[in-house]
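Remarks on the overall topology
Residues per chain are reported as follows:
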Amino acid sequence: MDHNTEKHLPKYAVIEQDFAEKIDSGELPGGSELPSESDLMELYQVSRVTARRAIDELYHHGYIEKMQGRRTRVKGRAPLQELTSVYSYTEEILRHGMTPSRKVITAQIRICTQEECALLKLPKADPVFHMERIYYADGLPLCLTQTTLPYRIFQDIESCDFKEQSLYHVLETDYGVTITNTSLKLKAVSSPGSVARYLDVDDSTPLLYSTGLTYGICQNAEIPIEVFTSYYLTTRFEYTLVQKRG
């Protein structure tokens with residue numbers, strides 16, 4: 001950094017620029033831990049407020065990531081996932097050479113909501129299987145998903161161990177349903193409190209929120225088989241959309 005420029009910068013900006021340069025140059029690669037606030041205070045002879053502001057600025061400019069109960073780390077480059085094929089989260093994690101694991105939060109049979117009834121084309125008050133899970137890639141949280149399936153098609157599915165099994169593998173292998181396509185809506189959101197706790201991130205962490213409807217072939221007919229929502233940490237993977245003109 002030019003010393004004349006440094007004289008005109010606020011102290012927090014000097015710290016931010018120092019670390020941004022180290023990250024851009026590769027001196028601090030993805031996954032590297034940043035010094036604590038106390039260490040920055042001592043290293044730069046600044047107040048805690050200034051040290052915290054520098055860390056916040058690095059975070060808001062996309063250089064670092066924060067996780068509850070852990071040191072702030074340099075954000076690694078997220079692998080790209082194309083939105084051109086339907087993959088289960090388990091398949092997606094494996095495709096990137098990582099080890100998948102899951103935690104089931106809820107799994108129950110209940111009456112469908114009005115929206116689920118309409119989307120899945122079910123009779124009023126039909127039973128559905130509803131499940132909420134956290135997916136992990138190499139032991140780190142990746143996403144929180146909620147999925148709802150028509151119970152009339154997937155009877156006894158509650159007996160499956162979805163901590164160990166891939167949902168799509170069960171649907172295709174145990175129930176003989178061929179998954180064909182997904183209608184997907186995406187938007188960026190701030191992390192809701194309960195979701196932030198499950199994914200072990202700050203409330204201010206941006207997430208990719210998706211809602212979708214999955215179709216499959218069952219008894220020679222293509223029908224909607226799954227309604228789902230997902231809160232996705234883009235620090236693990238990033239999505240890319242391939243478009244063609246004409």
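As a starting point, this report considers the structure included with it. (Residues numbered from 1 in each chain as written. Predicted model: local features only at pLDDT ≥ 70, side-chain atom pairs only at ≥ 80, totals over all residues. Heavy atoms only, no water.)

Digging into the pairing of strand β6 (residues 140-150)
The condition that has to hold: Whether a residue is buried, partly exposed or exposed follows from its accessible area with a 1.4 Å probe, protein chains only, as a fraction of its type maximum: under 20%, in between, or over 50%, in that order. Where helices and strands are cited, they refer to DSSP runs of H or I of at least four residues and of E of at least two residues respectively, numbered from the N terminus. For two strands to be treated as a pair, DSSP must find at least two bridges joining them.
Counting buried residues in β6 gives nine out of eleven residues, a clear majority hidden from the surface. Judged from the ten bridges that link them, strand β5 (residues 127-137) and β6 form a sheet pairing that is antiparallel. The partner of glutamate 132 across the bridge, within β6, is glutamine 146. The antiparallel pairing of β5 with β6 creates a hairpin that spans two residues between the two strands, and aspartate 138 there sits at a positive phi of about 55 degrees. Bridging between β6 and strand β9 (residues 221-232) involves six bridges; their strand directions are antiparallel. Looking at the pairing, threonine 147 lines up with phenylalanine 228 of β9.

Some thoughts on helix α4 (residues 48-60)
The condition that has to hold: By this rule the span expected of a helix is its residue count minus one, scaled by 1.5 Å. The contact rule is simple, with two residues in contact once any of their heavy atoms fall within 4.5 Å.
Between its terminal C-alpha atoms α4 stretches 18 Å, which fits the 18 Å expected from 13 residues at 1.5 Å a residue. Buried residues of α4: Thr50, Ala51, Ala54, Ile55, Glu57, Leu58 and Tyr59, and no others. On its buried side, α4 packs onto α2 (11-25), α3 (37-44), β1 (64-65) and β8 (206-218). One or two steps after α4, the chain reaches glycine 62, where phi turns positive at roughly 80 degrees.

Notes on the pairing of β5
Within β5, ten of the eleven residues are buried, which leaves it mostly tucked inside the rest of the structure. Relative to β5, strand β4 (residues 100-111) runs antiparallel, the two sharing eleven bridges. Across the sheet, the residue bridging to arginine 110 is valine 128, located in β5.

Here's the deal with the environment of arginine 133
The condition is simple: Any pair of N or O atoms that falls within 3.5 Å is considered a polar contact. Within protein, one atom must be able to donate a hydrogen and the other to accept it, and sequence-neighbouring residues count only if both atoms are side-chain atoms.
Along the chain, the position of arginine 133 falls in strand β5. In contact with arginine 133, other than residues within four places in its own chain, are Arg102, Lys103, Val104, Ile105, Cys143, Leu144, Thr145, Phe162, Gln165 and Leu167. A distance of 2.4 Å separates a polar atom in the side chain of arginine 133 from a polar atom in the side chain of tyrosine 135. Within the local environment of arginine 133, its side chain forms a polar contact with the backbone oxygen of phenylalanine 162, the two atoms lying 2.6 Å apart.

Thoughts on the nonpolar core
Definition in use: The nonpolar core is taken to be a set of buried Ala, Val, Leu, Ile, Met, Phe, Trp, Tyr and Cys residues, with the residues joined through side-chain atoms within 4.5 Å.
By size, the foremost hydrophobic cluster in this structure holds 16 residues, and its most contacted members are Phe129, Leu149, Phe154, Ile157, Phe162, Leu167 and Leu171. Secondary structure elements with two or more residues in this core: β5 and α7 (167-173). Examining the composition of this core, we find that four residues originate from one element, α7, more than from any other. The contact partners of isoleucine 157, leaving out residues within four places of it in the chain, are Phe129, Leu149, Tyr151, Phe162, Leu167, Leu171 and Tyr175. Counting residues in each nonpolar core, the second largest holds 15 residues, with Leu40, Val46, Leu58 and Val74 among its members.

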